[in-house]
Amino acid sequence: MQIEVQPLLLAANIALLSAVVWRLSRQSSPRPAPEQPPKQSREDSSEEIDGRRMALCRSPVNIVSDDTDIQGVTEGFSMEDARKHSEECEAVHQARTPSQVLSELQRGNARFWLGQSAQKHGSAFERRALIMKQYPKCAILGCSDSRVPIEIVFDQGLGDIFVIRVAGNCLDVTTKASLEYAVNHLGVKVLMIMGHEGCGAVRAAALPTEQIEGEPDNLSKLLKNIKVGLDEDRLQHVHDPRAHDREAVVTNVCRQVESLTRDESLMSKVRSKELIVLGAFYEISSGIVDFFHKVSGSEQPEGVTPT
């Protein structure tokens with residue numbers, strides 16, 4: 001059988017010739033040099049570098065929506081403007097009373113559980129102002145549980161709350177020292193201990209001591225610390241599981257508040273009406289925070305003997 005090879009060879013030669021011509025044309029045409037980033041002069045001052053960084057912040061980008069307040073994001077930015085803004089915010093902070101701060105937290109939580117949170121966590125200018133100083137309105141010792149993000153629960157922004165989070169909102173040397181720092185050096189107006197629904201640390205602390213001792217050393221010490229204040233003789237009469245859970249957490253919080261009332265550096269602020277100390281319970285299922293065991297002015301929480 002005879003095969004026609006000439007047309008195939010001709011087509012192959014034409015294709016090869018076309019490829020060679022295309023390659024030669026690519027090599028002969030000059031390629032544009034890639035753009036190089038401008039070299040930074042060694043003489044550039046820190047102000048010029050900051051200026052370029054701020055210019056990038058001012059550049060319009062596609063990630064913002066049409067209703068974004070560009071002016072609110074880009075206004076200010078000089079360190080002098082940031083310093084003035086910081087001083088104004090500090091003056092507002094100092095003018096608040098403890099009762100006003102507590103009301104702000106209650107309203108913030110109401111916005112949160114109603115699904116109407118207002119916080120946008122500040123503009124770039126406001127974040128820059130926070131470089132100067134922090135002036136939180138309150139300090140909260142809460143649990144490290146991932147379901148209890150304290151700033152979000154109270155609808156507060158950057159720099160508003162001095163937060164300490166540890167399993168079971170346990171009051172020990174480290175956490176108590178952090179609260180004392182917040183009161184005596186940052187001037188917070190409210191000091192809160194907040195437990196929450198379904199706290200695994202409190203539930204574990206209610207286990208038999210022999211079982212707790214089977215945990216790693218540090219975890220065992222933490223659970224025993226919580227267990228001391230649970231008043232298990234009283235809790236054994238609460239049979240409903242959910243009520244027992246809540247009562248155990250509230251009892252733990254109350255004991256911690258009472259422990260704080262034996263700290264003279266804190267109570268002197270309470271007596272001079274510069275500070276409110278109280279407990280709280282966050283219900284994960286609803287988002288609502290209940291407040292209780294408040295200590296203000298010359299008051300003592302129920303069940304506490306004045307020192």
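Structural notes on the pairing of strand β4 (residues 276-282)
Taking burial as the measure, the seven residues of β4 include seven buried ones, the bulk of the element. The side-chain alternation of β4 yields two buried faces, one formed by Ile276, Leu278, Ala280 and Tyr282 and the other by Val277, Gly279 and Phe281. By the bridge criterion, seven bridges tie strand β3 (residues 190-196) to β4 in an arrangement that is parallel. Along β4, the bridge assignment pairs Leu191 with Val277. Of the pairings in the sheet, the one linking β4 to strand β5 (residues 289-295) comprises five bridges and is antiparallel in character. Residue pairing across strands places Val277 opposite Val295, the latter belonging to β5. Here β4 folds back onto β5, and the loop between the two strands holds six residues, one of which, Gly287, carries a positive phi near 90°.

Observations regarding unusual backbone geometry
Even without being glycine, Asp155 reaches a positive phi, approximately 50°. Given the relative accessible area of 3%, Asp155 is considered buried. One non-glycine residue, His293, lies in positive phi territory at about 55°. Inspection of the secondary structure puts His293 in strand β5. Judged by its relative accessible area of 18%, His293 falls in the buried class.

Some thoughts on the environment of Thr209
Checked against the element boundaries, Thr209 lands in helix α10 (residues 209-212). Considering only alpha carbons, one finds Thr209 and Lys224, 15 residues apart in sequence, at a separation of 7.8 Å. Those residues in contact with Thr209 that sit more than four places away from it in its chain are Lys224 and Lys227.

Quick look at the confidence of the model for the protein chain
Confidence along the protein chain averages 79 in pLDDT terms, with 71% of residues attaining 70 or more. Counting contacts from residues 52-65, a segment whose pLDDT is below 50, to residues more than four positions away or on other chains yields 10 contacts. Here residues 302-307 is a poorly scored stretch, pLDDT under 50, and it has seven contacts once near neighbours within four places are set aside; other chains count.

Details of the packing of helix α8 (residues 173-184) against helix α14 (residues 264-271)
How two helices pack is summed up by the angle between their axes together with the distance between the axes. Packing of α8 against α14 brings their axes to within 10 Å, and their N-to-C directions diverge by 35°. As for how α8 packs across α14, the hand of that crossing is left-handed. The segment α8 lies against α14, with Glu180, Val183 and Asn184 engaging Ser265, Leu266 and Lys269.

Looking at the side chain of Asp245
When you line up the elements, Asp245 lands in helix α13 (residues 241-260). The exposure class assigned to Asp245 is buried, which follows from its relative accessible area of 12%. Engagement of the side chain of Asp245 in a polar contact is seen with the side chain of Arg203, the distance being 3.1 Å. Residues within four places of Asp245 in sequence aside, it is in contact with Glu197, Gly198, Cys199 and Arg203.

Here we look at the nonpolar core
Ranked by size, the top nonpolar core spans 40 residues in total, and within it Leu179, Leu191, Ile226, Leu260 and Val277 carry the most contacts. A per-element tally of this core places α13 first, with seven residues. Every residue in contact with Leu179, bar those within four places of it in the chain, is listed here: Ala139, Leu141, Ile164, Leu171, Leu191, Ile193 and Leu260. In terms of nonpolar packing, the next biggest core, distinct from the first, is built from 18 residues, Leu102, Cys138, Ile161 and Tyr282 among them.

Some words on α8
With 12 residues, α8 should reach 16 Å at 1.5 Å per residue; the first-to-last C-alpha distance of 16 Å fits that figure. Looking at the buried positions of α8, the neighbouring elements they touch are β1 (138-142), β2 (161-165), β3, α13 and α14. Measuring from the side-chain oxygen of the N-cap residue of α8 to the backbone nitrogen of Thr174 gives 3.2 Å; that N-cap residue is Asp172.

Cut-offs used in this document
- Residues numbered from 1 in each chain as written.
- Predicted model: local features only at pLDDT ≥ 70, side-chain atom pairs only at ≥ 80, totals over all residues.
- Heavy atoms only, no water.
- Buried < 20%, exposed > 50% of the residue type's maximum accessible area, 1.4 Å probe, protein only.
- Helix = DSSP H or I, 4+ residues; strand = E, 2+ residues; numbered from the N terminus.
- Pairing = 2+ DSSP bridges.
- Contact = heavy atoms within 4.5 Å.
- pLDDT = per-residue confidence, 0-100.
- Axes fitted to C-alpha atoms, helices over the stretch in contact; angles between N-to-C directions.
- Left-handed = near helix turned anticlockwise from the far one by under 90°.
- Polar contact = N/O pair within 3.5 Å; in protein donor to acceptor, adjacent residues only side chain to side chain.
- Core = buried A, V, L, I, M, F, W, Y, C linked by side-chain atoms within 4.5 Å.
- Expected span 1.5 Å × (residues − 1).

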